[in-house]
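# Results of the structural survey
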Amino acid sequence: MRIYEMRAEYVTGPAGRRIGQWHMIKDNGITALCGYDTDPAAEKMSDLAWGHTEEKFCHTCGAIYLREVP
Ligand SMILES: [Zn+2]
């Protein structure tokens, strides 16, 4: 059984570093489903938080996730 988790991608703006969007990773990996290499130290969240975050979610990861997880 696959384990999915969300991992943050950070952006640095005028107000400092913040979470830009969430990617989905699989089995505690570094590379997101969309191919983006996440920071291993970046914040993680359960995939149950999908769609419930203030920050946006990577569209590509979302599409792949929804296809892989019934
Ligand atoms: Zn992504």
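Residues numbered from 1 in each chain as written. Predicted model: local features only at pLDDT ≥ 70, side-chain atom pairs only at ≥ 80, totals over all residues. Heavy atoms only, no water.

### Considerations on the pairing of strand E2 (residues 16-26)
- With ten bridges connecting them, strand E1 (residues 4-13) and E2 associate as antiparallel partners. Its bridge partner lying in E2, glycine 13 is registered against glycine 16.
- Adjacent in sequence and paired antiparallel, E1 and E2 are bridged by two residues. (Pairing = 2+ DSSP bridges. Helix = DSSP H or I, 4+ residues; strand = E, 2+ residues; numbered from the N terminus.)

### Quick look at the environment of glutamate 54
- Structurally, glutamate 54 can be placed in the loop between strand E3 (44-46) and strand E4 (56-57).
- On the basis of relative accessibility, which here comes to 84%, the residue glutamate 54 falls in the exposed class. (Buried < 20%, exposed > 50% of the residue type's maximum accessible area, 1.4 Å probe, protein only.)

### Here's the deal with the coordination of the zinc ion
- Coordination sphere of the zinc ion, protein contribution only: His23 (ND1), Cys34 (SG), Cys58 (SG) and Cys61 (SG), at 2.0 to 2.4 Å.
- What the four donor atoms of the zinc ion show is an angle range of 102 to 117° at the metal, which sorts the shape as tetrahedral.
- The sequence pattern describing where the donors of the zinc ion fall on their chain is H-x10-C-x23-C-x2-C. Residue cysteine 34 is located in the loop between E2 and E3, and its partner cysteine 58 is located in the loop between E4 and helix H1 (59-68); the two are separated by 24 residues in the primary sequence. (Donors = N, O, S within 2.8 Å, 3.2 Å for Na, K, Ca; no water. Tetrahedral: all angles 85-135°; square planar, octahedral: opposite > 155°, others 65-115°.)

### Section: the side chain of arginine 7
- Along the chain, the position of arginine 7 falls in strand E1.
- In this structure, arginine 7 is buried with no salt-bridge partner, the nearest side chain bearing the opposite charge being glutamate 5 at 6.2 Å.
- From its side chain, arginine 7 meets the backbone oxygen of proline 40 in a polar contact 3.1 Å long. (Lys, Arg positive; Asp, Glu negative; His and termini not counted. Salt bridge = Lys/Arg side-chain N within 4 Å of Asp/Glu carboxyl O. Polar contact = N/O pair within 3.5 Å; in protein donor to acceptor, adjacent residues only side chain to side chain.)

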